[in-house]
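Below, each chain spelled out in residue letters.
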Amino acid sequence: MNSGHRRFVVVVGLLAVAALAGCREQEQGRPLTYEKGVYQGQPDDALADDTLETLRQRAQRQSYN
């Protein structure tokens, strides 16, 4: 193999490795199409009652009424 052919093979190999590195596991299975106005994510976890009460009290202290 001459040096030009070897260099070409190395460049193609590096590009292939770079392309495969972009396929992270956490990106697999994600939606690729979206519907306008429709949330497709996971639902939020419900807040505990004591957390809700703390937030209500904080909002009440910020009220101008």
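Summary of the structure given here. (Residues numbered from 1 in each chain as written. Predicted model: local features only at pLDDT ≥ 70, side-chain atom pairs only at ≥ 80, totals over all residues. Heavy atoms only, no water.)

1. Remarks on the overall build of the protein chain
To keep things clear, this is the line we draw: Secondary structure counts use DSSP, requiring at least four H or I residues in a row for a helix and at least two E residues in a row for a strand, with both numbered from the N terminus. Restricting the calculation to C-alpha atoms gives the radius of gyration, and the globule rule supplies 2.2 Å times the number of residues raised to the power 0.38. Per-residue accessibility takes into account occlusion by the displayed protein chains alone, with areas from the Shrake-Rupley method and a 1.4 Å probe. In this count, Lys and Arg are taken as positive residues and Asp and Glu as negative ones, while His and the chain termini are left out. A single reference atom marks each charge: NZ on Lys, CZ on Arg, CG on Asp, CD on Glu.
What the protein chain contains, in helices and strands, is two helices and zero strands. Here the protein chain has a C-alpha radius of gyration of 26 Å; the compact-globule value for 65 residues is 11 Å, and the former is much larger. Just so you have it, the protein chain exposes about 6800 Å², and 55% of that area is on carbon and sulfur atoms. A gap of 16 Å separates the mean positions of the 8 positive and 8 negative side-chain charges of the protein chain.

2. Details of the pattern of salt bridges
This is how it is decided: We define a salt bridge as a contact between a side-chain nitrogen of Lys or Arg and a carboxyl oxygen of Asp or Glu at a distance within 4 Å. Think of it in three bands: residues with accessible area under 20% of the maximum for their type are buried, residues over 50% are exposed, and the middle band is partly exposed, with areas taken using a 1.4 Å probe on protein chains only.
On inspection of all chains with the given rule, the structure shows one salt bridge. In this structure, E53 and R56 form a salt bridge, with 3.9 Å as the shortest nitrogen-oxygen distance. Linking E53 with R56, this pair stays in helix 2 (residues 49–61), spanning three residues, or about one helical turn. Assessed through its relative accessible area of 52%, R56 is described here as exposed.

3. As for a nonpolar patch on the surface
So the rule is basically this: Patches here: salt-bridge-free residues with over 30% relative accessible area, like charges joined within 9 Å, nonpolar side chains (Val, Leu, Ile, Met, Phe, Trp, Tyr) joined within 5 Å.
On the surface, F8, V9 and V12 cluster together to form a nonpolar patch covering roughly 280 Å² of accessible area. Note on placement: V12 falls in helix 1 (residues 3–21).

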